[in-house]
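# A structural walkthrough
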There are 2 protein chains.
Amino acid sequence: MTKPVETAAWEPRYAARAERMRASEIRELLKVLDQPGVISFAGGIPDPVLFPVKQAQEAYVSVLADPATAGSGLQYSTSEGYLPLRQWIVRHMGGIGVPCHEDNVVITSGSQQALEFLGRLLLSPGDTALVTAPTYLGALQAFSAYEPRYDELRPEDGNCTPASYAEAARQGGGEVKFAYVVPSFANPTGETLSPVARARLLDLAAELDFPIIEDAAYASLRFEGEAFPPIQALEIARGGSIDRARTIYCGTFSKVLSPGLRVGWIVAAKPVIRRLVLVKQASDLNSATVNQMVMHRMAVAAFDHQVAQACEHYRARRDWMLAALARHMPEGVSWTKPQGGLFTWVRLPEECDAERLLERSLDEAGVAFVPGSAFFFDGRGRNTLRLSFSLPGEEEIDRGIALLARLVGEAAQVPPTPPSRRCGR
Amino acid sequence: MTKPVETAAWEPRYAARAERMRASEIRELLKVLDQPGVISFAGGIPDPVLFPVKQAQEAYVSVLADPATAGSGLQYSTSEGYLPLRQWIVRHMGGIGVPCHEDNVVITSGSQQALEFLGRLLLSPGDTALVTAPTYLGALQAFSAYEPRYDELRPEDGNCTPASYAEAARQGGGEVKFAYVVPSFANPTGETLSPVARARLLDLAAELDFPIIEDAAYASLRFEGEAFPPIQALEIARGGSIDRARTIYCGTFSKVLSPGLRVGWIVAAKPVIRRLVLVKQASDLNSATVNQMVMHRMAVAAFDHQVAQACEHYRARRDWMLAALARHMPEGVSWTKPQGGLFTWVRLPEECDAERLLERSLDEAGVAFVPGSAFFFDGRGRNTLRLSFSLPGEEEIDRGIALLARLVGEAAQVPPTPPSRRCGR
């Protein structure tokens, strides 16, 4: 009576949007990469030696030792999030130029969830999302399920005119629904948008009346130099207020305190937050209550100290990485010099293919990195790659980069790859 | 230069699907309802006196005391979920007739997230979801963002023919993409599908070749009588295997151990799980790592004990509730006699309107419940209501039901409500 289901039979059952939910080759690759014996510049995860383990343990014990807080920590809670944590975030945002109120804040399960919620709330199929190229791979994954087209932002000097973005969006069958940027120490490039580029983005957003999604995941990790105000702060400084702001700010505790608790936040105008609270309710009711309470205690006790410690720790690694690149890389290779964050971005000679390089690098040298094309919405950037300096030590960095540099030198000598494998630009 | 954004200006920026993301009036109401002084039969949350606080505290301390587990607990982790927890779930599922493998399991942030993922994966706009009426409100919220139409299942005796479901779906502009049921101690009715009804659902699903989403949130909370096998177990017993099964099983630790950690799971054929892992990755990367490790320790140490304790605890409350209803309710009122779970479902005389009753009940008696129409996809059921017996004690239940019964008696005397407010059936 029951018809057996073959594996393939699931495909026609999926929604049209499932077409766009592709396995990230990179993420699949990373499972293989982060293995003992491999020198990994691949994953962009925080160094666990920095985790405030003692504070975390004390905070869990303190929440669970008091029957009242234990009862609420183990219970369902409001979709908006734990009020004292939202109040801490209000103070934090005030300190970086974003005066706001607890009703302007919703807690999310990391900033990845914030991006997914915003894609779901804003994108109809055929709408346009403006992104840089390259951009954060996880943002492309979050947005793509909602079937947008992408158009390219070049905020430093090469944005298109508002009219041409709008016209392209119309031809694509929708509107420009938002611009997404990681303005500080971006994943994957490590680069930071200048104040002029931030202002230019605000002008574009005002002209076409679309929101800017500001992903501030790495913003606290500035090693040196003066911090630029968030785009949201610049917008408010133009004479608005948070409730008149177009910018939607996505923050997270993942890079400074701990990603394993999955706590991030969104700050935006109240009407957007009210919508996002509904999205949150339908998605998972609330982020883990006990973790929000613990994160609040950890933020109060240790946020500033952790930021200082992380900056010192990653600054040394960044310096080792830049020194090793300068020491070993052949002519024709260039890279970014980030003032913060976890990444540097390498451009190889045009004829080099970073995916082929990775295969050799793993086989012959035991060195892992992420090929750059994964971060482009259109598959460009085959001669680019991302290096994370968050985990390896000085000797490992030097040895890994030396091995990689030798392979790059060899690849730059070999005949160019066939046309079908070349950079799509 | 910047155009100020007025509040109303956000509406046109949202995706078409945002139309369907409505505030749950009920959920808004619940914020007001669960207040001190109110006798609440409204929220369907577990009684915090049952939370295994000591085990939770020990588990957090043990995870965070060992540097290796602390480092991984506070770190990102795989989207599939913590392997030992998935292995525990494999054993648990084996024990209820679902032999499966760890690759058939993905961890979710509660079963609410499972429902949202399945809506996203399966529903294109205009597709049909078959649901009971009434059904779990949170499922309607999760699915509705993906713009389905709904058609009604009556698994006990009144399903439509496969051909008529299929024809209605075609006319609606799509296909029947799944049937969603809470087969054991359903939210909101407390009722349980008979083995015959379960088999009938499997026949229908086989005939039209669609998956069944089996929401087992309350399945462990059986107070008496013999447990029926899960629909997924019945399907496998028909001669298939988990990888040939159409049924997608959603489980959760929320009702037995703690909802505040947000840990649930999906068990299904491997191809579906692989897709859901991608959805998970794009949604929030992974559920809180430390909570998965803690939930694993708690499940090993305390799951069976907690089930036994919860059943005893809620059985007494169920008995008090049924006794109070029998003692106080006037003629013409009927209610379900659940063998488990947290809810009973009350049908008032046709002329009674449960929303109006709630207004009076709050104002005059300080008694809260959820009007039943919230649980119908088409707004039916205005003379129904849901009572949760999970929180109040014996005296409170008796007093609350007595007060409510008096108001019902009065409402049944008054003239019928005007046509526009009457039951839509």
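Our subject is the structure that appears above.
Just so we're clear, the structure is a prediction, and the values are computed from it rather than from any experiment.

### Focus on the overall build of chain A
Across its full length, chain A carries 13 helices and 13 strands. In terms of overall dimensions, chain A is globule-like: its C-alpha atoms have a radius of gyration of 22 Å, near the 22 Å expected for 425 residues. Dimensions along the principal axes, computed over C-alpha positions, put chain A at roughly 70 × 65 × 55 Å. Long-range pairs, those at least 24 residues apart, make up 76% of the contacts in chain A between residues at least 6 apart in sequence. Summed over all atoms, the accessible surface of chain A reaches about 15000 Å², with 53% contributed by carbon and sulfur.

### Looking at empty space enclosed by the protein
Throughout the structure, instances matching the rule amount to four cavities of 30 Å³ or more. Estimated volume of the largest cavity: approximately 90 Å³. Lining the largest cavity are 15 residues, and of these Ser109, Arg262 and Ala288 of chain A together with Ser109 and Ala288 of chain B sit closest to its centre. Here the residues of the lining of the largest cavity are counted per class, giving five nonpolar, seven polar and three charged.

### Things to note about the interface of chain B and chain A
Opposite the 92 residues of chain B that make contact, chain A presents 91 residues. Approximately 8000 Å² of surface area, both sides summed, lies buried where chain B meets chain A, with 56% of it carried by carbon and sulfur atoms. On the chain B side of the contact with chain A, Trp10, Leu74 and Arg275 of chain B bury the most area, a combined 10% of that side's loss. Where chain B packs against chain A, one counts six salt bridges. Note that glutamate 116 of chain A and arginine 120 of chain B form a salt bridge whose closest N and O atoms lie 3.1 Å from each other. Counting across the interface, chain B meets chain A through 44 residue pairs in polar contact (both at pLDDT 80 or more). Counting residues per element, the side of chain B that touches chain A draws most heavily on helix α10 (residues 270-284) of chain B, at ten residues. By residue class, the composition of the side of chain B that touches chain A is 46 nonpolar, 22 polar and 24 charged.

### A word on the sheet that holds strand β7 (residues 248-252) of chain A
Strands in a sheet are paired, the pairing made by backbone hydrogen bonds, and the direction either parallel or antiparallel. All names here are of chain A. Read across the sheet, seven strands follow the order β2-β8-β7-β6-β5-β3-β4 without closing on themselves; strand pairing throughout is mixed. The open sheet has two edge strands with one neighbour each: β2 (105-108) and β4 (149-153). Sheet twist, expressed as the mean angle between neighbouring strand axes with direction ignored, is 25°. Direction of pairing for strand β5 (residues 176-181) relative to strand β6 (residues 212-215): parallel, over a ladder of three bridges. Bridged to valine 181 within β6 is glutamate 214.

### What about the pattern of salt bridges?
Residue and element names in this part refer to chain A. Going through the model one piece at a time under the given rule, you end up with 50 salt bridges over all chains. Here arginine 406 makes a salt bridge to glutamate 410, at a shortest N to O gap of 3.1 Å. With a gap of four residues between them, arginine 406 and glutamate 410 both fall in helix α13 (residues 394-413), about one helical turn apart. For arginine 406, a relative accessible area of 42% translates into the label partly exposed.

### Side note on helix α2 (residues 53-65) of chain A
An α-helical segment advances 3.6 residues per turn. Residues three or four places apart therefore align on the same side. Counted at 1.5 Å a residue, the expected span for α2 of chain A with its 13 residues is 18 Å, and the 18 Å between its end C-alpha atoms agrees. Taken residue by residue, α2 of chain A has Ala56, Ala59, Tyr60, Val63 and Leu64 of chain A as its buried positions. Burial along α2 of chain A is one-sided: seen end-on, the buried residues are contained in an arc of 120°. Facing away from the buried side of α2 of chain A, by more than 90 degrees, are the exposed residues Lys54 and Ala65 of chain A. Packing partners of the buried residues in α2 of chain A comprise α3 (67-73) and α11 (289-328) of chain A together with α2 (53-65) and α11 (289-328) of chain B.

### Some details on the nonpolar core
Counting residues in each nonpolar core, the largest one holds 230 residues, and the members touching the most others are Phe253 of chain A together with Phe253 of chain B. Every residue in contact with phenylalanine 253 of chain B, bar those within four places of it in the chain, is listed here: Leu85, Trp88, Ile89, Ser258, Val263, Trp265, Met295, Ala299 and Phe303 of chain B.

### Points about the relation of the copies chain B and chain A
The two copies are related by a screw motion: chain B maps onto chain A through a turn of 180° and a shift of 0.0 Å along the axis, at an RMSD of 0.0 Å. Interpreted geometrically, this transformation is the action of a two-fold axis. Of the residues that chain B buries at the interface, 99% are likewise interface residues in chain A, meaning the two copies contact each other through the same surface.

### Regarding the packing of α2 of chain B against α11 of chain B
All names here are of chain B. The interhelical angle for the contact between α2 and α11, taken along N-to-C directions, is 130°, at an axis separation of 9 Å. It follows from the interaxial angle that α2 and α11 lie oblique. As for the relative orientation of α2 and α11, their crossing is right-handed in sense. Across from Gln55, Ala56, Ala59, Tyr60, Ser62 and Val63 in α2, the residues of α11 making contact are Val290, Asn291, Met293, Val294, Arg297, Met298 and Ala302. Here the residues of the contact of α2 with α11 are counted per class, giving nine nonpolar, three polar and one charged.

### A look at the packing of aromatic side chains
How two aromatic rings sit relative to each other is set out by the distance from centre to centre and by the angle between their planes. Summed over all chains, the structure comprises 23 aromatic pairs over all chains. Here the aromatic rings of tyrosine 150 of chain B and phenylalanine 377 of chain B are separated by 5.7 Å at their centres, their planes lie at 35°, and the arrangement is tilted. On the criterion of sequence distance, the pair formed by tyrosine 150 of chain B in strand β4 (residues 149-153) and phenylalanine 377 of chain B in the loop between β12 (370-371) and β13 (384-388) is long-range, its members being 227 residues apart. Its relative accessible area of 12% is what places tyrosine 150 of chain B among the buried residues. Judged by its relative accessible area of 25%, phenylalanine 377 of chain B is partly exposed. Taken together, the aromatic side chains of Trp88, Phe253, Trp265 and Phe303 of chain A make up a single cluster linked through ring pairs. Taking the ring centre of tryptophan 10 of chain A as reference, the NZ or CZ of arginine 13 of chain A above it sits at 4.4 Å. The ring of phenylalanine 377 of chain A carries the charged tip of arginine 380 of chain A above its face, separated from the ring centre by 6.0 Å.

Reading guide: rules and limits
Residues numbered from 1 in each chain as written. Chains lettered and ligands numbered in written order. Predicted model: local features only at pLDDT ≥ 70, side-chain atom pairs only at ≥ 80, totals over all residues. Heavy atoms only, no water. Helix = DSSP H or I, 4+ residues; strand = E, 2+ residues; numbered from the N terminus. Rg over C-alpha atoms; globule rule 2.2 N^0.38 Å. Contact = heavy atoms within 4.5 Å. Areas by Shrake-Rupley, 256 points an atom, 1.4 Å probe, with all protein chains shown as cover. 1 Å grid on protein atoms, 1.4 Å probe; cavity = no way out; pocket = protein on both sides within 12 Å on 5 of 7 lines; lining within 4 Å. Points joined across faces, edges and corners; volume = space filled by probe spheres on them. Nonpolar A, V, L, I, M, F, W, Y, C, P; charged D, E, K, R; others polar. Buried area = accessible area lost by both parts, 1.4 Å probe. Salt bridge = Lys/Arg side-chain N within 4 Å of Asp/Glu carboxyl O. Polar contact = N/O pair within 3.5 Å; in protein donor to acceptor, adjacent residues only side chain to side chain. Pairing = 2+ DSSP bridges. Axes fitted to C-alpha atoms, helices over the stretch in contact; angles between N-to-C directions. Buried < 20%, exposed > 50% of the residue type's maximum accessible area, 1.4 Å probe, protein only. Expected span 1.5 Å × (residues − 1). Arc of directions from axis to C-beta. Core = buried A, V, L, I, M, F, W, Y, C linked by side-chain atoms within 4.5 Å. Least-squares fit on C-alpha atoms with pLDDT ≥ 70 in both. Parallel < 35°, antiparallel > 145°, perpendicular 65-115°, else oblique. Left-handed = near helix turned anticlockwise from the far one by under 90°. Phe/Tyr/Trp six-rings, centres within 6.5 Å; stacked < 30°, edge-to-face > 60°. Lys NZ or Arg CZ within 6 Å of the ring centre and 35° of its normal.

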